[in-house]
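An overview of the molecular structure
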Amino acid sequence: MSNSSFYLPENLAPDDASPGWMNKADNAWQLTAATLVGMQSVPGLVILYGGAVKKKWAVNSAFMALYAFACVLVCWVLWGYRMSFGTERYIAFWGAPNVSLGENYLLQKAFLGKFPNATMVYFQFVFAAITLILIAGAVLGRMNFYAWMMFVPLWLTFSYTIGAFSIWCPDGWLSKLGLLDYSGGYVIHLSSGVAGYTAAFWVGPRLTKDRERFPPNNILLMLAGAGLLWMGWAGFNGGDPYVVSTDASLAVLNTHVCTATSLITWLLLDRIFFGKTSVIGAVQGMITGLVCITPAAGIVQGWAAIIMGLCSGSIPWFTMMVVHKRSAMLQKVDDTMAVLHTHAVAGSLGGLLTGVFAEPKLNYLFYGYYAQYVGLFYGFDMGKVATGFRQIGIQLLGILFVVALNITTTSLICLFIRILVPLRMSEEDMEIGDEAAHGEEAYAIWGEGDGSENSRYDVELPVSTKNRAA
């Protein structure tokens with residue numbers, strides 16, 4: 001018998017830089033997906049916020065998003081990631097803080113997927129960052145920037161890490177219980193909606209005239225940001241199987257189907273009840289569709305994505321355009337970008353509908369367990385009605401947990417910060433806006449004097465001797 005050897009092609013053979021446990025395709029897609037999600041924030045939400053607010057708030061609003069992105073990354077690698085996904089627990093629902101910077105740790109295999117910890121740290125960072133940026137949407141146009149600088153690391157540490165560990169970490173109590181949150185309907189959107197609305201309560205409202213009239217300063221810029229947000233969601237939901245798979249493909253397609261359906265539904269309701277459609281309404285419907293499908297993206301069928309789109313384009317529309325306008329209690333809180341409706345309501349809706357439409361086979365592809373995760377619709381079909389109702393109960397429990405967590409932690413954080421600095425800008429500074437906050441303005445070239453004349457970073461151009469003589 002002759003001995004035969006089997007050789008892998010050179011591009012597939014493992015080596016020191018590409019160990020045998022790493023799948024190069026999975027790693028490449030995971031890095032790409034993470035970058036797509038990062039671009040949803042920078043520049044996506046930076047320019048969406050910058051264009052969606054009054055001209056005098058364009059710089060401040062965009063800057064809040066940019067700062068949060070940078071601050072979260074530093075906190076994430078120093079302590080946040082290990083608190084959210086570490087194997088060592090601080091307490092039952094919270095990981096122990098630790099750094100994620102050493103080569104020995106970053107080059108090891110991640111807790112899920114066939115790629116290194118460095119990739120997972122990066123991927124999970126962009127999700128944490130966008131959560132803080134979404135919260136900023138509720139307090140645009142009046143929050144003291146220095147209070148915001150303190151809020152970001154505190155909220156990341158004492159709220160986000162608890163939610164992420166409880167729901168996404170394999171050792172988390174809601175994860176073990178069987179909560180379905182494919183890509184962040186609970187951890188990101190419900191959390192940011194509740195935290196944003198709570199922060200808006202403590203910060204206080206904008207100026208009365210700003211609440212009454214707050215037109216976008218650049219709708220086309222806002223649309224560009226919205227487009228980046230929509231397309232970036234392919235990485236948001238497509239990256240969460242942690243593998244290049246059929247489930248990832250389904251998640252991406254369902255994401256776009258639900259979003260398009262939601263946008264069209266919102267526009268139709270605007271046309272029927274208000275007589276005209278609007279770009280702002282289209283963006284709101286787009287966002288609610290993206291949020292609603294997030295907890296379900298790869299574990300529901302295409303027809304369910306359409307139903308979810310119909311619901312996400314109508315139920316948040318009703319809460320925003322009807323309930324909110326008739327509720328004196330809701331109107332007491334100045335939620336600038338309506339994150340309560342676009343993220344908290346849409347995220348809760350998506351979580352519940354996931355409990356209804358989660359398909360057992362698709363759950364098996366994603367979670368690796370068959371007949372353990374059964375949506376209520378399939379529970380009736382499979383004779384597992386009790387299992388289906390149990391899943392609905394778990395989804396409801398998850399909503400209650402996230403709401404309670406974020407009201408409590410966000411309130412405590414805001415109360416602490418206001419001991420040190422005011423949460424809200426002064427009335428005089430709010431009259432001025434960007435120039436008062438940063439000494440800069442967005443569109444100085446359009447007139448109204450020389451912009452940014454108070455900036456420490458003005459550049460004086462050299463003047464030639466010939467020009468001086470002239």
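Here we summarise the structure given alongside this text.

Cut-off values and rules
Residues numbered from 1 in each chain as written. Predicted model: local features only at pLDDT ≥ 70, side-chain atom pairs only at ≥ 80, totals over all residues. Heavy atoms only, no water. 1 Å grid on protein atoms, 1.4 Å probe; cavity = no way out; pocket = protein on both sides within 12 Å on 5 of 7 lines; lining within 4 Å. Points joined across faces, edges and corners; volume = space filled by probe spheres on them. Helix = DSSP H or I, 4+ residues; strand = E, 2+ residues; numbered from the N terminus. Core = buried A, V, L, I, M, F, W, Y, C linked by side-chain atoms within 4.5 Å. Buried < 20%, exposed > 50% of the residue type's maximum accessible area, 1.4 Å probe, protein only. Contact = heavy atoms within 4.5 Å. Salt bridge = Lys/Arg side-chain N within 4 Å of Asp/Glu carboxyl O. Axes fitted to C-alpha atoms, helices over the stretch in contact; angles between N-to-C directions. Parallel < 35°, antiparallel > 145°, perpendicular 65-115°, else oblique. Left-handed = near helix turned anticlockwise from the far one by under 90°. Nonpolar A, V, L, I, M, F, W, Y, C, P; charged D, E, K, R; others polar. Polar contact = N/O pair within 3.5 Å; in protein donor to acceptor, adjacent residues only side chain to side chain. Phe/Tyr/Trp six-rings, centres within 6.5 Å; stacked < 30°, edge-to-face > 60°. Lys, Arg positive; Asp, Glu negative; His and termini not counted. Expected span 1.5 Å × (residues − 1).

1. Focus on the layout of surface pockets
Considered as a void within the structure, the largest pocket measures approximately 1100 Å³ in volume. Residue lining of the largest pocket: 39 residues in total, with Ile280, Gln284, Met320, Thr336 and Ala338 positioned closest to the centre. Secondary-structure elements contributing two or more residues to the lining of the largest pocket are helix H1 (24-52), helix H8 (208-212), helix H9 (219-238), helix H10 (246-274), helix H11 (279-293), helix H12 (302-326) and helix H14 (339-357). At five residues, H11 tops the list of elements feeding residues into the lining of the largest pocket. Each pocket or cavity is described by its volume, and for the second largest pocket that value is around 640 Å³. Along the walls of the second largest pocket sit 24 residues, with Leu112, Trp168, Tyr242, Phe366 and Tyr367 positioned nearest its centre. Of all the secondary-structure elements, those providing two or more residues to the lining of the second largest pocket are helix H6 (173-177) and helix H15 (360-367).

2. Remarks on the nonpolar core
Ranked by size, the top nonpolar core spans 104 residues in total, and within it Trp148, Phe151 and Tyr160 carry the most contacts. Sequence-distant contacts of tyrosine 160, that is, excluding residues within four places in its chain, are made with Trp76, Ser84, Gln124, Phe127, Ala128, Thr131, Trp155, Trp168, Val187 and Ile188. Counting residues in each nonpolar core, the second largest holds 20 residues, with Ala251, Cys258, Cys311 and Phe357 among its members.

3. What about the pattern of salt bridges?
Summed over the entire model, instances satisfying the criterion amount to eight salt bridges. Between lysine 54 and aspartate 210 there is a salt bridge whose closest N-O contact spans 2.7 Å. Taken together, the positions of lysine 54 in the loop between H1 and helix H2 (58-85) and aspartate 210 in helix H8 put the pair 156 residues apart, joining distant regions of the chain. Aspartate 210 gets classed as buried once you look at its relative accessible area, which sits at 0%.

4. Re the packing of helix H5 (residues 145-167) against helix H17 (residues 385-420)
At a minimum axis separation of 10 Å, H5 and H17 run at an interaxial angle of 155°. With respect to H17, the axis of H5 lies roughly antiparallel. The way H5 lies across H17 gives a crossing that is right-handed. Where H5 abuts H17, its residues Ala147, Met150, Phe151, Leu154, Trp155, Phe158, Ser159, Ile162, Gly163, Ser166 and Ile167 lie against Phe401, Val402, Leu405, Asn406, Thr409, Thr410, Ile413, Cys414, Phe416, Ile417 and Leu420. Each residue belonging to the contact of H5 with H17 can be placed in one class, and the counts come to 16 nonpolar, six polar and no charged.

5. Looking at the side chain of threonine 119
Mapped onto the secondary structure, threonine 119 falls in helix H4 (residues 117-136). Overall, the relative accessible area of 4% leaves threonine 119 in the buried class. Here asparagine 27 takes part through its side chain, which lies 2.7 Å from a polar atom of the side chain of threonine 119. When residues no more than four places from it in sequence are discounted, the contact partners of threonine 119 are Asn27, Gln30 and Leu31.

6. As for the packing of H2 against H5
As a packed pair, H2 and H5 sit with axes 9 Å apart at the nearest point and diverge in direction by 40°. By the angle class used here, H2 and H5 are oblique. Every pair of crossing elements has a handedness; the one defined by H2 and H5 is right-handed. A per-class count over the contact of H2 with H5 returns 20 nonpolar, five polar and no charged.

7. Digging into empty space enclosed by the protein
Evaluated as defined, the whole model comprises one cavity of 30 Å³ or more. The wall of the largest cavity is formed by Trp155, Ser159, Tyr160, Gly163, Val187, Ser191, Val402, Leu405 and Asn406. Those elements giving two or more residues to the lining of the largest cavity turn out to be H5, helix H7 (185-203) and H17. Ranked by residues supplied to the lining of the largest cavity, first place goes to H5 with four residues. For the lining of the largest cavity, the class distribution of residues is five nonpolar, four polar and no charged.

8. Observations concerning the packing of aromatic side chains
Following the criterion strictly, the structure yields 28 aromatic pairs and no others. Residues phenylalanine 85 and phenylalanine 111 carry aromatic rings whose centres are separated by 5.4 Å and whose planes lie at 20° to one another, so their mutual orientation is stacked. With a gap of 26 residues between them, phenylalanine 85 in helix H2 and phenylalanine 111 in the loop between helix H3 (103-106) and H4 connect regions that are remote in the sequence. Classification of phenylalanine 85 as buried rests on a relative accessible area of 5%.

9. So, the environment of phenylalanine 145
With respect to the helices and strands, the residue phenylalanine 145 is situated in helix H5. A residue is classified by how much of its surface remains accessible, and phenylalanine 145, at 8% relative accessible area, is buried. When neighbours within four sequence positions are excluded, phenylalanine 145 is seen to be in contact with Asn60, Phe63, Met64, Tyr67 and His438.

10. What about unusual backbone geometry?
That bond from valine 42 to proline 43 is cis: its omega, 15°, falls within 30 degrees of zero. Its identity as a non-glycine residue notwithstanding, tyrosine 242 has a phi of 60°, on the positive side. Turning to its location among the elements, tyrosine 242 is positioned in the loop between H9 and H10. In the Ramachandran plot, alanine 338 falls in the positive-phi region, its phi being about 55° despite a non-glycine side chain. Residue alanine 338 is classed as buried on the basis of its relative accessible area of 11%.

11. Some thoughts on the side chain of aspartate 270
Locating aspartate 270 in the fold gives a position in helix H10. Buried charged residue aspartate 270 carries no salt bridge. Nearest counter-charge: lysine 325, at 8.0 Å. Looking at aspartate 270, its side chain comes within polar contact range of the side chain of tryptophan 317, at 2.9 Å. Leaving out residues up to four positions away in the same chain, aspartate 270 has contacts with Gly275, Lys276, Thr277, Ser278, Gly281 and Trp317.

12. A look at H14
Every α-helical turn comprises 3.6 residues, leaving residues that sit three or four positions apart pointing alike. Given a rise of 1.5 Å per residue, 19 residues ought to cover 27 Å, and the 25 Å separating the end C-alpha atoms of H14 matches this to within 8%. For H14, the buried fraction is high: 16 of the 19 residues fall into the buried class.

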